[in-house]
Amino acid sequence: MSVFPSIADQDRAIRASWPSFRLVERSERAATWLGTLKPFMLAYEVRVSYQVPLVVERIAPLRQQPEVRVISPALRRRPGDGEGSLPHVYVDRAGDPVLCLFDHETGEWTPFRLIAETTIPWALDWLGCYEGWRATGRWSGGGRHAAPPAAKEAGR
């Protein structure tokens, strides 16, 4: 028995708070939800993927956090910024952005928390900051962007 909320617990909370989200993949310990978030101007289809950790002693928030990706419309750089990067994202091996939603060093998210109360509202806030950044060039969300786990390990 897991000490963390189960996939069923997470799904119940997500469906109750975010009715546009639906469970599209599920196993005993992992799930993926698709849903729509509309911060201001655009509606974004997002995918949230999560796997419940096995052991409390091995909690590594950067590796065990829910992963949030914008499916459509695609995230874009600012016009005129050339090849400047998107703010507050990690880039996966395929070069696709994964949203950076919290500061892992502050304990904002742990596997003990519900995705419906943390990750999805944070994704909505991130999208609002993204729309502001696209319009003004300034990221209003604050925060500190941590190096992805592979980069930290390579720097040792």
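Everything below is about the structure shown above.
Description of the structure in this document. Nothing here was measured: the structure is a model prediction, and the numbers come from that model.

### Concerning the pattern of salt bridges
If charged atoms from side chains of opposite charge come close, those side chains can pair.
Right, on to step 1. This model, assessed by the stated rule, comprises four salt bridges.
Right, on to step 2. For arginine 12, the salt bridge is made with aspartate 9, and the minimal N-O distance between the two is 2.6 Å. On the criterion of helical spacing, the pair formed by arginine 12 and aspartate 9 is a turn pair, its members being three residues apart in helix 1 (residues 7-17).
Right, on to step 3. A residue is classified by how much of its surface remains accessible, and aspartate 9, at 32% relative accessible area, is partly exposed.
Right, on to step 4. In this structure, arginine 15 and aspartate 11 form a salt bridge, with 3.0 Å as the shortest nitrogen-oxygen distance. Of this pair, arginine 15 and aspartate 11 both sit in helix 1, four residues apart, which is roughly one turn of the helix.

### Details of the nonpolar core
Right, on to step 1. In this structure, Phe21 and Leu99 are the most contacted members of the largest nonpolar core, which totals 31 residues.
Right, on to step 2. Contributions of two or more residues to this core are made by helix 1, strand 2 (30-37), strand 3 (44-51), strand 4 (67-72) and helix 3 (119-136).
Right, on to step 3. When residues in this core are grouped by element, the largest group, six residues, is from helix 3.

### Focus on a nonpolar patch on the surface
Right, on to step 1. A surface patch of nonpolar side chains, about 380 Å² in accessible area, is lined by Phe40, Met41 and Leu42.
Right, on to step 2. When you line up the elements, leucine 42 lands in the loop between strand 2 and strand 3.

### Overview of the packing of aromatic side chains
Right, on to step 1. Evaluation of the coordinates by the stated rule reveals six aromatic pairs.
Right, on to step 2. With centroids separated by 5.9 Å and ring planes inclined at 35 degrees, the aromatic side chains of phenylalanine 102 and tryptophan 122 adopt a geometry described as tilted. Within this pair, whereas phenylalanine 102 is found in the loop between strand 6 (97-99) and helix 3, its partner tryptophan 122 is found in helix 3, the two being separated by 20 residues in sequence.
Right, on to step 3. For phenylalanine 102, a relative accessible area of 11% corresponds to the buried category.
Right, on to step 4. Ring centres 6.0 Å apart and planes at 35 degrees place the aromatic pair tyrosine 130 and tryptophan 133 in the tilted group.

### A look at the sheet that holds strand 4
Right, on to step 1. Strand order in the open sheet formed by four strands is 1-2-3-4, and the pairing between neighbours is antiparallel. Sheet topology places strand 1 (22-26) and strand 4 at the edges, where each strand pairs with a single neighbour. Geometrically, the sheet is characterised by an average inter-axis angle of 25 degrees between neighbouring strands, direction not taken into account.
Right, on to step 2. Packing against the sheet, helix 1 makes contact with strand 1, strand 2 and strand 3, and its axis sits at approximately 10 degrees to strand 2.
Right, on to step 3. Helix-sheet contacts for helix 3 involve strand 2, strand 3 and strand 4, and the interaxial angle to strand 3 is about 140 degrees.

Reading guide: rules and limits
Residues numbered from 1 in each chain as written. Predicted model: local features only at pLDDT ≥ 70, side-chain atom pairs only at ≥ 80, totals over all residues. Heavy atoms only, no water. Salt bridge = Lys/Arg side-chain N within 4 Å of Asp/Glu carboxyl O. Helix = DSSP H or I, 4+ residues; strand = E, 2+ residues; numbered from the N terminus. Buried < 20%, exposed > 50% of the residue type's maximum accessible area, 1.4 Å probe, protein only. Core = buried A, V, L, I, M, F, W, Y, C linked by side-chain atoms within 4.5 Å. Patch = residues over 30% accessible without salt bridge, like charges linked within 9 Å, V, L, I, M, F, W, Y side chains within 5 Å. Areas by Shrake-Rupley, 256 points an atom, 1.4 Å probe, with all protein chains shown as cover. Phe/Tyr/Trp six-rings, centres within 6.5 Å; stacked < 30°, edge-to-face > 60°. Pairing = 2+ DSSP bridges. Axes fitted to C-alpha atoms, helices over the stretch in contact; angles between N-to-C directions. Contact = heavy atoms within 4.5 Å.

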